Amino acid sequence: MGHKGISVTGLVCRFAFFLQTLDTAFGDVSYSFPEEMKRRSVIGNIAKDLGLKASRLSARKARIDTEGNYERYCDINQSTGDLIVAERIDREELCGDKVSCMLTFELVLEGPLELHRVSLLIEDVNDNSPIFPKDTIKLEISELAVKGARYRVNEAHDADMGQNTVQRYTLQSNEHFVLSVHDYTDGRKNVELVLDKELDREEKQDMSLLLTAIDGGTPQRSGTVVIHVTVLDANDNAPVFSQAVYKASLPENSPLGTVVVTVSATDADEGVNGEVTYEFSRISDKAIKVFSLGHNTGEIKVIGPIDFEGDPKYEMRIEGKDGYGLSSDSKVIIDITDVNDNAPVIYLKSLSNPIPENASPGTEVGIINVQDRDSENNRQVHCSIRQNVPFNLVPSIKNYYSLVTTGELDRELVSDYNITIIATDEGSPPLSSSKTVQLSVADVNDNPPVFEEQSYSAHVTENNKPDSSVCSVTARDPDWRQNGTVIYSILPGDVNGVPVSSFLSVNGDTGMIHAVRSFDYEQFRSFKVHVVERIDREKLCGQKSPCSFSLEMILESPLELYSITIEIEDINDNAPVFSKKDIHLEIGESSPIGTVFLLDGAADPDVGMNSLQSYTVKPTDHFVLKQHSRADGSKYAEMVLQSGLDREKQSEHSLILTAVDGGDPQRSGTVKIHITVLDANDNAPVFTESLYKVTVVENALGSTVVAQVSAIDADQGYNGNVTYSFTHMEEGTPPLFHIDPHTGEIKLTGELDYETVQNYEINLQAKDPWGLTGASKLVIEILDVNDNSPIITMTSFSGKIPEDSIPGTVVALISVQDVDAGQNGQVRLRIDENLPFKIKTSLRNYYTLVTEKSLDREKVSRYNITLTATDEGLPPISSMTTIVLDISDVNDNAPAFSQNVYSTHVVENNSPGVSVLAIQATDPDRGQNARISYYLIDSELNGNPISTYFSINSEKGVIHSVRSLDYEQVKEFKILIKAQDGGSPPLSSNTTVLIYVQDQNDNAPQVLYPVQTSSSLVAEMVPRSADVGYLVTKVVAVDVDSGQNAWLSYKLQKVTDRALFEVGLQNGEIRTIRQVNDKDAVKQRLTVVVEDNGQPSRSAIVNVNVAVADSFPEVLSEFTDFTHDKEYNDNLTFYLVLALAVVSFLFITCLVVIISVKIYRWRQSRILYHSNLPVIPYYPPRYADTLGTGTLQHVYNYEVCRTTDSRKSDCQFARPCSQNVLIMDPSSTGTMQRMQNEQNILDEPDSPLEVNDVFLVP
């Protein structure tokens, strides 16, 4: 199944950590096998192919190693040496479209280290069917498409390679299309549909074709896609209106935006050909300001004010046109309905003002005319006067009324009348208007002047001045103006025959003689002006014929009314006018002969023969004109295509359309017709290049323009619009690029990665609106950028190395990979130069980290080694990883005490088990090598082992007192302590501990003299002639304590005022302090107290008998009462002999026990130290020390001797017991096994056994 070969690339493999020097061997092997093999399938026997022993694979830790995070697809059977499939292998998933799919691994062996590269060539199997990019392909093809037209379809994609990919295509049998397949140079296929028979949309609007792609594998696989062809319609039908004439009625004053009528035209064509637009073909200037036409909807809406009184009717023509210039028209008639929106208007035609106040009732004062512009009932008007005035309205002819008096007038009572005339129409609701007529009553001289007084008297002083005023008279006249003007005069008379006028004169105006002149109103009464206006028939009547209007002539005195009708005759004063200056038509070059095109008509406001009569068009190379008359007599023209158009020969035509009327002189109007020949879609788009090649760097930003492609379509307009698209891209490519469908600009939309894909091939398609396509290819080469940091992989690294490793020892095997290419992928690895390590290059991208100097864990126990990998790109990129290397400990340091000699003080009479001193040794080693145990070194003091006095905690180094110490027995102890670590071999060191016993005041003073006995009486004699200061005796006492505790002082217990003696405080001398007289008794007893200086102090009492006499007989007579019973002395002697015997027995017993212990310890040491291995005693919790070493924490042994007399009982520390004792806490479930060495020496019959009471003190 496999064969040996040479591998191409090396992937990362992992190695174990070795302490010995790295020895490597290399070899390569390759295999080829089909994809999709089952798991555990055998690829080949790699052990046999490499010449390895299968039985040694497990011992040498054989394994397959992969690069980075790649999945391990293969594994090795360490029992047989077979290379087996570990995971599913899919060639398409691993290698995509690569022709050769190669995977490489590393086989790693240890002891010695060997690296073998394994190359796996994966063979393709036909496990993928051809797949089209879309489930359905949609094509839109015009029914005018010529036979032989080609339409490209997307090819199918098969992920397999070689013969297993797509080999051929088949098309379902049909009558219109055949299949054309061409091979590209790269092996891909160009698939095109070729039109074999022309299409007819009226026969079949769409069809479905089944395209099948078939590969060449075994078994053969295929994929299908449905091609849906839609036949596009050609423009061969003109729009047709639903009605020839549209009629609508519209109330005047309708709001803006009101929809008047909706015109609708249908076109039997489809798509753009069937889209109808609307526009006015003929409309008056007034109507264009009032109505609008929806270009696409055909809705006619109100955009200006509607007034029935201005224009009661509108006529217009609507043209419907499709997208390619075919059109038809229709007529719209809009009748405006009247709304009562005009109030009556009152006109004062004639008025006699003022009117004499003596006018008789029924006198006609004025003529009133009332007009209403509305029609029918809305214009019927009634007039009235609602005031209480002596006037009334009398109907006359039509809308005229006469204003007449109804009673007598009196100017002196009412001189002016404001007459309000109200006119109301009969509309709904009715509208009213009013007009006020001011009428004055003319005065008639019907009232004489009247003086204010009947007589006047005046007194004139004599000798008055001439022309002085004598008096003033006043008269009043109620008449007006001239009739009310009073002129004063003096009636003729005389005084004493002299005329009165020679004495007095009167001013005619003021009562004093004066002349007054006033203007005469009646000389100027009124002025009248008449204006004459030009008459325009078209403005007045529009298209109405005949055109006439009515006038009314009024005559007064008497009132007469005449009706005059004037008819206006038309003259040819208007030329025909087209609604547009230019007419634009778009006609397809494929339009058939005989196609009719409706033209916009001209408008002539004249009537009769003066109106529009005929049309002419020039030139007539391609078109002729047909004229038609409508039912209303109006004429319109149609242009008929009489010869075919060719856009390639002439793309535009210009014609002159002339409209001529029948007046004299004849008038005409012209419009220019611009005809644009529309192109037929007979050319497919063509790319400017058949192959586009571009390069782009992999770190290009999004929206970067990658390329600009362009295709040219020889057609014009809509047919020449080209849209761009991708027809097929490799899997995963579409999200990365986007092509602008209109500009052909290709932009980057995703992220590029040279390490994943180095180039992309994209198929381009250019397509016009009718489905004709062109194809090209775009090749995008990705340029590598140094955008990947080196990846450092610890192939082999244990994280520990002994501190006694020699220089050159391999610490780690490191793999460094950089996925960039060229110089960007070349990597250098380095570390800090200050470390006792260095990097050595191994093979390919492998490096070894080795020691360069000796290591010392006690100086540096851990190294943080930073590995820095730097590539050779520009700029270079580095990556770092830090590994932690622990230096494992070697037992190269003995425990060390902080002091060579320790000293401490202990107060005597201490409690057994009290802590005396805690010592501590340090060991810079680690773990078991730094575990320190403490031991007492055997020595003797006064014949007793030092262990009978002290013990030490083996773990904490705390020294305990085994017994209560007595300063009076031993004042100083010197012991040796050994500290031993747990290494192999163990190391140890010693120190000296000095323990000083401090004295306590635990002994009372002892009186040596005088001796106190019960069998004899001792007395001191003092002669009566003794002088003052006579030394009687001296009390001698001692205290076994030391220091202040041994300082003694003396004093008498009882001292009287006439005391004869005194005792020395420091020396105990008893002396007389006065002369002896006759009154002093012969027998004197002194009680001396001896007291030490301790805290608390202790004392002793001694009785001193003193005889004051000059002779001994005198003394005896006084001391006869001091005799004792002889029987008491005999008993005391017996007890003393018994006590001596007991003490002797105890001494012998103790001696035997000490000898036994010595022998036991000697034999025990032979058992425990017969080998060179260190012995570290371990004591399980809750158990006693059975070996008698005295080092068990919180456990002490006591030997208690008790008697029936508790005062004589004794308790002391006993030497450690030698028997095998097992003591278990009831709460504990553990047990302690006996120490055995084939046969425990303690179990031998001749082993000394001693039974003591054993107490455990927590």
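Residues numbered from 1 in each chain as written. Predicted model: local features only at pLDDT ≥ 70, side-chain atom pairs only at ≥ 80, totals over all residues. Heavy atoms only, no water.

- As recorded by an unreviewed UniProt entry, the protein chain carries the name Cadherin domain-containing protein and is attributed to Oncorhynchus mykiss.
- As stated in UniProt under Function (unreviewed entry), the record for the protein chain gives "Potential calcium-dependent cell-adhesion protein. May be involved in the establishment and maintenance of specific neuronal connections in the brain."
- Its UniProt record gives the protein chain the following Subcellular location (unreviewed entry) comment, quoted word for word: "Cell membrane". (UniProt positions renumbered as here; feature names shortened; annotations may be inferred.)

## Thoughts on the overall build of the protein chain
So, step 1. Check the secondary structure of the protein chain and you find 6 helices and 85 strands.
So, step 2. The burial tally for the protein chain puts 41% of its 1258 residues in the buried class.
So, step 3. In the protein chain, the share of contacts with a sequence separation of at least 24, taken over all contacts with a separation of at least 6, comes to 67%. (Helix = DSSP H or I, 4+ residues; strand = E, 2+ residues; numbered from the N terminus. Buried < 20%, exposed > 50% of the residue type's maximum accessible area, 1.4 Å probe, protein only. Contact = heavy atoms within 4.5 Å.)

## Looking at the sheet that holds strand β43 (residues 623-629)
So, step 1. One open sheet accounts for 3 strands, arranged β40-β44-β43; its pairing is antiparallel. The open sheet has two edge strands, β40 (596-598) and β43, and neither has a second partner. Going from strand to strand, the sheet's axes swing by 30° on average, the running direction of each strand aside. (Pairing = 2+ DSSP bridges. Axes fitted to C-alpha atoms, helices over the stretch in contact; angles between N-to-C directions.)

## Some details on the state of the cysteines
So, step 1. Evaluated as defined, the whole model comprises 1 disulfide.
So, step 2. Here C95 connects covalently by a disulfide to C101, the sulfurs 1.9 Å from one another. With the S-S dihedral at roughly 65°, the linkage between C95 and C101 falls on the right-handed side. Per residue, the accessibility class of C95 equals that of C101, and both read buried. (Disulfide = S-S within 2.5 Å.)

## So, the nonpolar core
So, step 1. By size, the foremost hydrophobic cluster in this structure holds 27 residues, and its most contacted members are Y31, I46, L83, L107, V118 and L120.
So, step 2. A per-element tally of this core places strand β6 (residues 102-109) first, with 4 residues.
So, step 3. Formed by 26 residues, the second largest nonpolar core is a distinct cluster that contains A248, F291, Y314 and I318. (Core = buried A, V, L, I, M, F, W, Y, C linked by side-chain atoms within 4.5 Å.)

## Describing the pattern of salt bridges
So, step 1. Considering all chains together, one arrives at 26 salt bridges under this definition.
So, step 2. A salt bridge links R317 to D329; its shortest N-O distance comes to 3.2 Å. In this pair, R317 is assigned in strand β22 (residues 313-321) and D329 in strand β23 (residues 327-337), connecting sequence segments 12 residues apart.
So, step 3. Judged by relative accessible area, which is 18%, D329 ranks as buried.
So, step 4. Among the salt bridges present, the one from D600 reaches K580, with a minimum N-O distance of 3.8 Å. Of this pair, D600 sits in the loop between β40 and β41 (602-603) while K580 sits in the loop between β38 (577-578) and β39 (582-588); the two residues are 20 residues apart in sequence, bridging distant segments of the chain.
So, step 5. In this structure D600 comes out as buried when scored by relative accessible area, which is 6%.
So, step 6. K580 sits in the partly exposed class, given a relative accessible area of 30%.
So, step 7. Shared partners join several salt bridges into a network, and the residues in it are E36, R88, D90 and E93. (Salt bridge = Lys/Arg side-chain N within 4 Å of Asp/Glu carboxyl O.)

## Some points on the side chain of H653
So, step 1. You can see H653 is positioned in strand β45 (residues 652-661).
So, step 2. Of note is the side chain of H653, whose polar atom sits 3.3 Å from the side chain of Q650.
So, step 3. Other than its neighbours up to four places away in sequence, H653 contacts H622, L645, I673, H674, I675 and V677. (Polar contact = N/O pair within 3.5 Å; in protein donor to acceptor, adjacent residues only side chain to side chain.)

## Some words on unusual backbone geometry
So, step 1. The amide bond that connects K618 to the next residue, P619, takes the cis arrangement and shows omega of -10°.
So, step 2. Looking at where P619 falls in the secondary structure, it is placed in the loop between β42 (612-618) and β43.
So, step 3. Not every positive phi belongs to a glycine, and K61 is a case in point at roughly 55°.
So, step 4. Judged by its relative accessible area of 48%, K61 falls in the partly exposed class.
So, step 5. A positive phi is found at N942, a non-glycine position, where the angle reads about 55°.
So, step 6. For N942, a relative accessible area of 61% translates into the label exposed.

## Overview of the packing of aromatic side chains
So, step 1. All chains considered together, the criterion is met by 14 aromatic pairs.
So, step 2. On the basis of an interplanar angle of 55° and a centroid distance of 6.3 Å, the ring pair of F578 and Y615 is categorised as tilted. In this pair, F578 sits in strand β38 while Y615 sits in strand β42, placing the two residues 37 residues apart along the sequence.
So, step 3. Note on F837 and Y863: the rings are 5.2 Å apart at their centroids and 85° apart in plane angle, and the pair reads as edge-to-face. Here Y863 lies in strand β62 (residues 862-871) and F837 lies in strand β60 (residues 837-841), a separation of 26 residues in the sequence. No difference in accessibility class separates F837 from Y863, as the two residues are buried.
So, step 4. Members of the aromatic cluster, connected to one another through ring pairs, are F687, Y692 and Y724.
So, step 5. Seen from the ring of Y347, K349 lies directly overhead, with NZ or CZ sitting 5.4 Å from the centre.
So, step 6. The ring of Y949 is capped by R963, whose NZ or CZ atom sits 4.9 Å from the centre of that ring. (Phe/Tyr/Trp six-rings, centres within 6.5 Å; stacked < 30°, edge-to-face > 60°. Lys NZ or Arg CZ within 6 Å of the ring centre and 35° of its normal.)

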